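The primary structure of each chain is shown beneath.
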Amino acid sequence: MCGIAGFVYGESSGRSTIQSMCDQISHRGPDSEGYWQTDDGALAIGHRRLSILDLSAAGHQPMHSECGRYVLVFNGEIYNHLALRSLLAEPNWRGQSDTETLLACFTAWGLEATLQVVRGMFAFALWDKQEQELTLARDRMGEKPLYWGWCGDVLLFGSELKALKAHPAFNAEVDRDALTLLLRHCYIPAPYSIYQGIQKLRPGHFVRIPVRGDVAESKAADPVAYWSLTDVVENGQSNKFCGSPSEAVGLLESSLSASVSEQMLSDVPLGAFLSGGVDSSAIVALMQAQSNRKVKTFTIGFEEGGYNEAEHAKQVARHLGTDHTELYVSADDALGVIPSLPTMFCEPFGDSSQIPTFLVSQMAKQHVTVALSGDGGDELFGGYNRYMAAQKVWGPVQRLPAFVRKFGAASLRAMTPAQWDRLFQTLSPILPKRARLSIPGEKARKLADVLSLTDGHAFYRQLTSHWNDPASVVINGNEPETLISNSSAWPKTDSLEHAMMAMDAQTYMADDILVKVDRAAMATSLETRVPMLNHQVVELAWQMPLEYKIRDGQGKWLLRQVLYKHVPRELIERPKAGFGIPLDAWLRGPLREWAESLLSEQRLRSEGFFHPEPIRTMWAQHLSGKMNWQYHLWNVLMFQAWFAEQ
């Protein structure tokens, strides 16, 4: 794992500038640094290295190809690089790094053919001396970040926005349209960023930028897709797996085991996050099954009831025989992370599970340099409650007469979310397992909101929205189109559930989950890997029928069957809790003063980004306990805290 940065058409004294850019992302690569620029200074690239494979100087970047044509800065891992080496006739290998393998592939096969055969997570910048062309590329699922954009006639790019901001030409202003997306989703989806003119390269895309003196030609370059999840979804739906359930389980276990095996390749200590849930337990089980040593596993627990899964993780770790480390953190420990969030995430980011993710990464880094995670299981195998809601709620709702929907919504709103939470807590001992919901009040509020919707796309958008009309809150903000809002961009599937899973993988997972894990872990110089997102596993998952994912009202059926071959069912079966914090209570308690200063009417008016009235009303309702607006408010607070650091 590393950090990259660079610019094109910058000033001739590029060495000091590129070094300053890379200094801003030194946490991504504390082990070494390297810089290179063209003779005329038109292009400069830099690299900060976190040594994982080939710890010697032979892995140093920027790296030049043996033929002398290419120069590469690369962030990530190519898991099948040893297999690729066996196919190459490179006579003079200098070391064992995957960066060198990647360069040899470019030389032998070209850019696009190489992108088709590599398995890994990556973002890179490749300079082609012969063609005088810069290529930026990002991995298929979006595990590694890459920002790029033009400030005047200077092209800037880097792993994080803070690297771009270190260049003297950076002059981008806050994008109010992107700010509306933050309020709706709690993240800013690609290709947008918080700054005008600066974008995220979308997963599975590359962009070739000619550097031949004609800036207009360079600016006209557009990203091109080399791999499309939409295509994978539609191809999988057209070629569904027709075997038996047991054959499907065996096939998934084999594919996932191969991915885990590849991703355990490391020249530094390696471990895994373990929450005790289905996804992380499956990854750890397959790791331990292939290891002669105890796998190092890590989890954190919270003292607050309802937010602590450390006991479940401990039981799974004990059964699998891992070398388990757990850390119980107090509210003060978690609250202490908040001041660092604006710089850690470099653009406002509203997923509050960023806090425990950072804390578990910080703990793991004390023992290992690489950690595998179970992310991706929900999106690939139907784990989120909203997929079950599509079956249980949307199907019946769309058949109800309008007056019945209206009455139902009014009934749900007759009690506040806090009152629903207390009711479910009181009834929990006598409720069946399936009715023991997490955050029932929030779910009751969302159900009330969806009762009047007209189609499945609107249903999904409602379930994944915080502020329903963010343009009315952001001054001069107009909400731009995204993959979610553009229903014509949705893949053709056999069900609403599959369509929702496909959109989650392209939006929520890529722009929230993977961003959260990358920034939180990289802030501690910890590399994370996600075996579920091996594109071969992804393609296999999309060949599986829906009934192999959601069965009897429960998600991840197929993945559970793989796990139950290694871990007893009773250690896993419990309501899904997620990786959250008691944010609603903290905002009314220890965070109240901090939040009040950021949400004061005077401050909101003077800064000029938000209309104060709706925010102040929501804040008052939250403080009174009548409503739980934790997620809406956290999105605003994360922007306010981020803006205060600019």
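Our subject in this report is the structure included herewith. (Residues numbered from 1 in each chain as written. Predicted model: local features only at pLDDT ≥ 70, side-chain atom pairs only at ≥ 80, totals over all residues. Heavy atoms only, no water.)

**Notes on the pattern of salt bridges**
Item 1. Counted under the stated rule, the structure contains 37 salt bridges.
Item 2. Arg208 is the partner of Glu133 in a salt bridge, and the nearest nitrogen-oxygen pair spans 3.5 Å. Of the two residues, Glu133 sits in strand β7 (residues 133–138) while Arg208 sits in strand β11 (residues 205–210), which places them 75 residues apart along the sequence.
Item 3. Residue Glu133 is classed as buried on the basis of its relative accessible area, which comes to 16%.
Item 4. Residue Arg208 is classed as partly exposed on the basis of its relative accessible area, which comes to 31%.
Item 5. The shortest N-O distance in the salt bridge between Lys565 and Glu253 comes to 2.6 Å. (Salt bridge = Lys/Arg side-chain N within 4 Å of Asp/Glu carboxyl O. Helix = DSSP H or I, 4+ residues; strand = E, 2+ residues; numbered from the N terminus. Buried < 20%, exposed > 50% of the residue type's maximum accessible area, 1.4 Å probe, protein only.)

**Some remarks on empty space enclosed by the protein**
Item 1. All told, the structure shown has seven cavities of 30 Å³ or more when counted by the stated rule.
Item 2. Its volume calculated, the second largest cavity comes out at about 80 Å³.
Item 3. Contributing to the lining of the second largest cavity are Tyr79, Arg119, Gly120, Asp139, Arg140, Met141, Glu143, Gln263, Leu533, Asn534 and His535.
Item 4. Its residues assigned to classes, the lining of the second largest cavity shows three nonpolar, four polar and four charged. (1 Å grid on protein atoms, 1.4 Å probe; cavity = no way out; pocket = protein on both sides within 12 Å on 5 of 7 lines; lining within 4 Å. Points joined across faces, edges and corners; volume = space filled by probe spheres on them. Nonpolar A, V, L, I, M, F, W, Y, C, P; charged D, E, K, R; others polar.)

**Considerations on helix α21 (residues 496–522)**
Item 1. Remark: the principal bend of α21, roughly 55°, maps to Met509.
Item 2. Buried residues dominate α21, accounting for 26 of its 27 residues. (Bend = angle between axes of the 7 residues up to and from the residue.)

**Brief notes about the layout of surface pockets**
Item 1. In this structure, the second largest pocket encloses a volume near 370 Å³.
Item 2. Taken together, the residues of the lining of the second largest pocket break down into six nonpolar, three polar and four charged.

**Some thoughts on helix α14 (residues 354–365)**
Item 1. For α14, with twelve residues, the first-to-last C-alpha span of 16 Å sits near the 16 Å given by 1.5 Å per residue.
Item 2. Counting buried residues in α14 gives ten out of twelve residues, a clear majority hidden from the surface.
Item 3. Among the residues making up α14, those that are buried are Gln354, Ile355, Pro356, Thr357, Phe358, Leu359, Val360, Ser361, Met363 and Ala364. (Expected span 1.5 Å × (residues − 1).)

**Brief notes about the pairing of β11**
Looking down a regular strand, the side chains alternate between one sheet face and the other.
Item 1. The buried count for β11 comes to five of six residues, which makes it a mostly enclosed element.
Item 2. Pairing between β7 and β11: five bridges, direction antiparallel. Within β11, the position partnered with Leu136 by the bridge is Val207. (Pairing = 2+ DSSP bridges.)

**Some points on the packing of helix α9 (residues 245–263) against helix α23 (residues 557–564)**
Item 1. Running from amino to carboxyl end, α9 crosses α23 at an angle of 75°, the nearest separation of the two axes being 9 Å. Judged by the inter-axis angle, α9 sits roughly perpendicular to α23. Counted together, Pro245, Ala248, Val249, Leu252, Glu253 and Leu256 of α9 and Trp557, Leu558, Leu559, Gln561 and Val562 of α23 form the full contact between these two elements.
Item 2. The residue makeup of the contact of α9 with α23, split by class, is nine nonpolar, one polar and one charged. (Axes fitted to C-alpha atoms, helices over the stretch in contact; angles between N-to-C directions. Parallel < 35°, antiparallel > 145°, perpendicular 65-115°, else oblique. Contact = heavy atoms within 4.5 Å.)

**So, the packing of aromatic side chains**
Working definition: an aromatic ring pair is given by the centre-to-centre distance plus the angle between the planes.
Item 1. Using the criterion set out here, one finds 20 aromatic pairs in the structure.
Item 2. Between Tyr384 and Tyr508, the ring centres sit 5.7 Å apart and the planes meet at 75°, which makes this aromatic pair edge-to-face. A residue pair is termed long-range when its members are at least 10 positions apart, and Tyr384 in the loop between α15 (377–381) and α16 (385–397) and Tyr508 in helix α21 qualify at 124 residues.
Item 3. Among the residues examined, Tyr384 registers a relative accessible area of 12% and is labelled buried.
Item 4. Ring centres 5.4 Å apart and planes at 90° place the aromatic pair Tyr460 and Trp490 in the edge-to-face group. Placement of Tyr460 in helix α20 (residues 456–463) and of Trp490 in the loop between α20 and α21 is noted, with a sequence separation of 30 residues between them. Here Tyr460 and Trp490 have matching classes, each one buried.
Item 5. Ring pairing ties together the aromatic residues Phe170, Tyr195, Phe609, Phe610, Phe639, Trp642 and Phe643, which thus form one cluster.
Item 6. Taking NZ or CZ as reference, Arg386 lies 4.8 Å from the ring centre of Tyr384, over its face.
Item 7. For Arg386, the ring lying beneath its charged end belongs to Tyr508, and the centroid distance is 5.4 Å. (Phe/Tyr/Trp six-rings, centres within 6.5 Å; stacked < 30°, edge-to-face > 60°. Lys NZ or Arg CZ within 6 Å of the ring centre and 35° of its normal.)

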